[in-house]
Amino acid sequence: MKSTGLAIGLGVLGVVFLIVGVLYAFGVLQIAVSDPHASHHYTHTVLFVVLAVASFVAANFARPKGTVYVTDRPRR
Amino acid sequence: MPVTWAQALFMGLLQGATELFPVSSLGHAVLIPSLLHWSFKQSDPSFLPFLVLLHLGTATALLVLYRQDWLAIIRGFFTAAFRGQIQTDTERLAMLLLVGTIPAAILGVYLQTRIKSLFASPYEAAVFLVINGGLMIGFELLRRRAELRAAVTAASRAEQEEHFAQAERISFRAAAIVGACQALAFLPGISRSGVTIGGGLLAGLRHQEAARFSFLLATPTILGAGIVEVPQLFSSGVPVAEYLAGAVLSGVAAYASARFLLRYFRSGRLDPYGIYCIAAGLVSLALLHFSL
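Residues numbered from 1 in each chain as written. Chains lettered and ligands numbered in written order. Predicted model: local features only at pLDDT ≥ 70, side-chain atom pairs only at ≥ 80, totals over all residues.

Details of the interface of chain B and chain A
Listed by partner, the interface residues are eleven residues for chain B and 15 residues for chain A. Residue composition of the side of chain B that touches chain A, by class: eight nonpolar, three polar and no charged. (Contact = placed C-beta atoms within 7 Å. Nonpolar A, V, L, I, M, F, W, Y, C, P; charged D, E, K, R; others polar.)

Details of helix H12 (residues 271–289) of chain B
Residue and element names in this part refer to chain B. Across its 19 residues, H12 extends 27 Å between first and last C-alpha, which sits within 8% of the 27 Å expected from 1.5 Å per residue. Burial in H12 covers these residues: Tyr273, Gly274, Cys277, Ala280, Gly281 and Ser284. Each buried residue of H12 lies within a common arc of 135° when the element is viewed along its axis, so the set occupies one face. In H12, the exposed positions angled more than 90 degrees off the buried face are occupied by Ala286 and His289. Contact partners of the buried residues in H12: helix H2 (25–35), helix H6 (122–149) and helix H9 (192–202). (Helix = DSSP H or I, 4+ residues; strand = E, 2+ residues; numbered from the N terminus. Expected span 1.5 Å × (residues − 1). Buried ≥ 20, exposed ≤ 12 C-beta atoms within 10 Å, placed from the backbone. Arc of directions from axis to C-beta.)

What about the environment of Ala211 of chain B?
All names here are of chain B. Along the chain, Ala211 turns up in helix H10 (residues 207–227). For the pair Ala211 and Leu261, spaced 50 residues apart in sequence, the C-alpha separation works out to 7.7 Å. In this structure Ala211 touches Ile197, Leu261, Leu262 and Phe265, once residues within four positions along its chain are discounted.

Observations concerning H6 of chain B
Every α-helix carries 3.6 residues per turn, so stepping three or four residues along brings you back to the same face. All names here are of chain B. The terminal C-alpha atoms of H6 lie 40 Å apart, and with 28 residues this matches the ideal 40 Å at 1.5 Å per residue to within 8%. Every buried residue belonging to H6 is among Pro122, Ala125, Ala126, Val127, Phe128, Leu129, Asn132, Gly133, Leu135, Met136, Phe139 and Arg143, and all of these are buried. Tucked inside the fold, the buried residues of H6 contact H2, H9 and H12. Once H6 finishes, Ala151 follows within two positions and takes phi at roughly 50°, a positive value.

Remarks on the packing of H6 of chain B against H9 of chain B
Residue and element names in this part refer to chain B. The geometry of H6 relative to H9 is characterised by a closest axis approach of 9 Å and an angle of 15° between their N-to-C directions. Overall, the two elements H6 and H9 adopt an arrangement that is roughly parallel. The way H6 lies across H9 gives a crossing that is left-handed. Contacts from Asn132, Leu135, Met136, Phe139, Leu142 and Arg143 of H6 reach H9 at Gly194, Val195, Gly198, Leu201 and Leu202. Counted by class, the contact of H6 with H9 contains seven nonpolar, three polar and one charged residues. (Axes fitted to C-alpha atoms, helices over the stretch in contact; angles between N-to-C directions. Parallel < 35°, antiparallel > 145°, perpendicular 65-115°, else oblique. Left-handed = near helix turned anticlockwise from the far one by under 90°.)

Quick look at unusual backbone geometry
Residue and element names in this part refer to chain B. For Ser24, which is not glycine, the phi dihedral falls at a positive 70°. Here Ser24 lies in the loop between helix H1 (5–20) and H2. Of the residues examined, Ser24 has 31 C-beta atoms within 10 Å and is grouped as buried. For His37, which is not glycine, the phi torsion reads 60° and is therefore positive. Among the secondary structure elements, His37 is positioned in the loop between H2 and helix H3 (48–65).

As for the confidence of the model for chain B
Here chain B averages 88 in pLDDT, and 93% of its residues register 70 or above. Among the scores for the predicted complex, ipTM is 0.78 and pTM is 0.87. (pLDDT = per-residue confidence, 0-100.)

Here's the deal with the nonpolar core
Residues and elements named next belong to chain B. Leu97, Ile170 and Leu205 are the most contacted members of the largest nonpolar core, which has 91 residues in total. Sort the elements by how many residues they give to this core and helix H5 (residues 89–118) lands first, with ten residues. Not counting residues within four places of it along the chain, the set of residues in contact with Leu205 comprises Phe164, Ala165, Ala167, Ile170, Gly200, Ala210 and Phe213. (Core = buried A, V, L, I, M, F, W, Y, C linked by C-beta atoms within 7 Å.)

In structure tokens, the structure reads:
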């Protein structure tokens, strides 16, 4: 399944995951953590960095490649 | 009470040997200290650095065992990721491992602490060990049915296994399901390698390839879980020498058990481990019940 829209969507998702990871690292985000008083949540950061990498990889896979444009066709 | 040298070495050996065998390392680590009336608890926060080091020992052993594979997988991952296309079996395996690791990582981060604290008693570990045994036998029953359905006839078990697929041929959906199954191992008594090998068998892999996929899948999960807890090692009062010795022994035992299992699964099945788990679980329940 390849489409530019899907690729852009996955890229944006990757950026969102990165931001969430940074927020967990600085303790700004305290959602679903075992210790809400901790100043850092590195486990969550690692998870969201992995999710971001996976999203960027998926975006690159979803990007249409090798498109032959009409203008590329040889003229007769 | 701090861990003694003998306890550290014993726990290292136990963790390394049972982490890769389909018999649940966590189940044994909860049950055996309790049966031996040792005073420390696995769930105690002061025990965490020791567990971290033991897991890092196991992960290091797996990295050493599969060092060539991991170099190829990492190279394959970056090549496929930048190209945006899979062209070789190694690139496919790299992406399968990524897909398999993500559900385990999500479930691990959000559920592990809650599940472990809910089911941390030796009684529950013994019951789950029996269930794990039932699962192993169930996986093999389903596999035998698949062999009958495919009308696999061969002179030997090794030849029979060749009718099934290599790890690189597993589907992405199956890799995600097998990866998610790792979360079952947060229940003490349920084996991570057991459920992932079983999942691989259901997906049509050879026993040896299911074990290889399970060990490869385990490496980033165990390593990741260990590395994020490394700062705990530098807290005061940690008996570093004892813990390090236990970790080294854990690595050696994990390396030896992985080599043994890969050879065993050329023709062997999960049933003996299933029978062992049921027997060990029932004996432990009896010992705990009668406070022996």
